[in-house]
Every structure is written in structure tokens, then in C-alpha cells.
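Here is how the chains run, residue by residue.
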Amino acid sequence: MKQKSRKRVLSLAGVDALNLLGVGDRNLKLIEEHFERDIVVRGDEIIITGPNRRLEELTSVMQTLISIAAGGRMVTEGDVLTVLRGGEGKAEKIGSLDDTVVYYSTVRRRSIVPRSVRQKEYVTGVAEYDIVFAIGPAGTGKTYLAIAMALAALKRGEIEKIFLSRPVVEAGENLGFLPGDLQEKIDPYIRPIFDALHDMIGREKTQRMIDTGVLEIAPLAYMRGRTLNNAFAVLDEAQNSTIMQMKMFLTRLGVNSKAIVTGDITQIDLADPSRSGLVVVSELLGDVEGIEFVWFGEEDVVRHSLVKRIIKAFSRIRPGGGEPEASDE
């Protein structure tokens, strides 16, 4: 028997529609796509229709998002996806994201805060554990937040030095044939780290910190033989580290030090992906006390909305580079 369609009218009184619906109604379109039905916005009201069970689900989602927007916060597409996936306490967690200030950017003159529930769990994990692995797709803020947390720890006087590193992997080009001296050859590999630093503290302060030795940015190979005391170490793009390089990095930590390891196991540039230290480390260290793993998904992507769809499309490629697998969506 076909269920009778019903109607609900939700009030938007006192709510900025842009905060709720998103630029170009992107949030609204995402919800309509999920529930496969149109949602009507008329003045300060939202009108939704549908069979009883789906109507209750849709009403609950809209009320949750309205409550977030009513607090003055702009609802992101990541917020919408988080609410659509459900889970007790999601709305409360999303609504409190702005309360968690990681670092204040003197360049942007704004506070850097988590932009998804997973990002907040990431920040909390770094506060509670000495070694944190942040694994997930591009655009989820893993590196940016890691650098912000390192700068915050330095500002609070908890550490004396920041060490930022990436593996140098020749993906498509031979390092020896690139122009310039060694530093110039390496710069393209560590440029994203500089970009984040310049965004938070500016070029001049970044250079001053490097000149005084408070900040060190170098390829992973440069860490061999080092011991990092009173330091905050970040290994970025760790999927391109070998198993032995991963071991080398993790065993550099000295007293009063923290480490964050970030990477995406779907973007390995090593000739033999099975040699990636990030691939095997969760099995080796998953149960080690004092180590935390934070897994990001496509719903945590905070870049352009198309990035989520691109990541989802590429995730269907069969291992070995075959054609995308058939989707049931």
C-alpha cells in the first residue's frame, strides 16, 4: 500500500538563510539529493513533504541544521554530510566547533578552528596523545591543522622547536635532472608546508623562526641520527615513506615531544605501494598505548564541494589502476 504524503512547515525566523542553505543553496541541494525530493523555501519557512517515515527523517535533519545556523554558524557541506549520516550528539559536536580555537592567524586575523567533527576529534587526540596518525583523503585539513597545533604548542611554551618533514619521492621526474642546487630541488616537495606557515604567521616570521633554529623544515632523510627533545614533529605525506623511514621518524622522539603523521594511503607514489610505512603502521601500532589513529573520510573534505565527488569517483578504481568499479548509487 502506497504511503500517504504528508507536509511539515519549519520556521526560519531569526535564522540567516545563507548560513543554513549555503552559497548557491549547495547545502539544500545536497539534502534534496540524499532524500530524493524537493524542499521548498518560502520566506522564513521551509516546506517539506513525503511519506511518514522519510518525512520524520528529513524533519530531524532540517531541525538539526537549523539549530546550528541559529547559533550564528555557517553550516558547511561537511556538517550536512555528518548530520545525514546520523549519530547521537552530532549536532552538539558540530555546534561547538567554533569554541575550539586551535591557533590565531595573525595574517588572516582569524581563529583557526576545526571545521568538521572529525577535525575536532583530531585536535582532541593530539592534546591527549604523544603520537597521532591522521589518515584520509586530500582536503580534510590534516596538514594545515597539524601545523596550527604545532605553532600553538610553541606559543604556549610547551615545546622549544618545530620540525616539519616530508618524504622526497620522485613522482614522474628525476630529482637529479631538476634545475638548481639541492635546496632548490627540494623546495617543490615542501612548498605546501611553507604555504600553510605563510598563511598563519607570514613569510617574515617564518623565515625568522628558521634562521633562529626554532623551526626546521626538511626532507625526511635529514632526520636520520637525530633526537628531538622538547619538540613538535610533523611528518606529512607519510604514505610515501618506506617502512624503515617510518620507523626512523617515530624513533627520533625524545623527552617532552609530540609527533603527528599525516597521509593518504590512496595516493602512494612509491614504486611498490606495499612498502609504504603508512599502510602497515596501523596494523603494527594500532594497539600501542599512547598512540592514536584518526581516520578522515570524504565527508570531512573542507575544500570545494567538487573535491568530495572527485575523491568518491576515484575511490572506485580497482587496485592496480583498472576501470572504476560499478556503483550501486
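Relevant structure appears above.
A short tour of the structure in this document, coming up. (Residues numbered from 1 in each chain as written. Predicted model: local features only at pLDDT ≥ 70, side-chain atom pairs only at ≥ 80, totals over all residues. Heavy atoms only, no water.)

Quick word on the packing of helix H2 (residues 26–35) against helix H3 (residues 52–70)
Here comes step 1: Contact pair H2 / H3: the axes reach a minimum separation of 11 Å and the direction vectors enclose 160 degrees. Considered as vectors, H2 and H3 are oriented roughly antiparallel to each other. Where H2 crosses over H3, the handedness of that crossing is right-handed. Along its contact with H2, which presents Ile31, His34 and Phe35, the element H3 presents Arg54, Glu57, Leu58, Val61, Met62 and Leu65. (Axes fitted to C-alpha atoms, helices over the stretch in contact; angles between N-to-C directions. Helix = DSSP H or I, 4+ residues; strand = E, 2+ residues; numbered from the N terminus. Parallel < 35°, antiparallel > 145°, perpendicular 65-115°, else oblique. Left-handed = near helix turned anticlockwise from the far one by under 90°. Contact = heavy atoms within 4.5 Å.)

Thoughts on the pattern of salt bridges
Here comes step 1: Taken as a whole, this structure holds ten salt bridges when the rule is applied.
Here comes step 2: Between Glu158 and Arg156 there is a salt bridge, with its nearest N and O atoms 2.7 Å apart.
Here comes step 3: A relative accessible area of 53% means that Arg156 is categorised as exposed.
Here comes step 4: Between Lys161 and Glu216 there is a salt bridge, with its nearest N and O atoms 2.8 Å apart. Taken together, the positions of Lys161 in strand S7 (residues 161–166) and Glu216 in strand S8 (residues 215–219) put the pair 55 residues apart, joining distant regions of the chain.
Here comes step 5: If you follow the salt bridges from partner to partner, you end up with Lys161, Glu216 and Arg226 in one network. (Salt bridge = Lys/Arg side-chain N within 4 Å of Asp/Glu carboxyl O. Buried < 20%, exposed > 50% of the residue type's maximum accessible area, 1.4 Å probe, protein only.)

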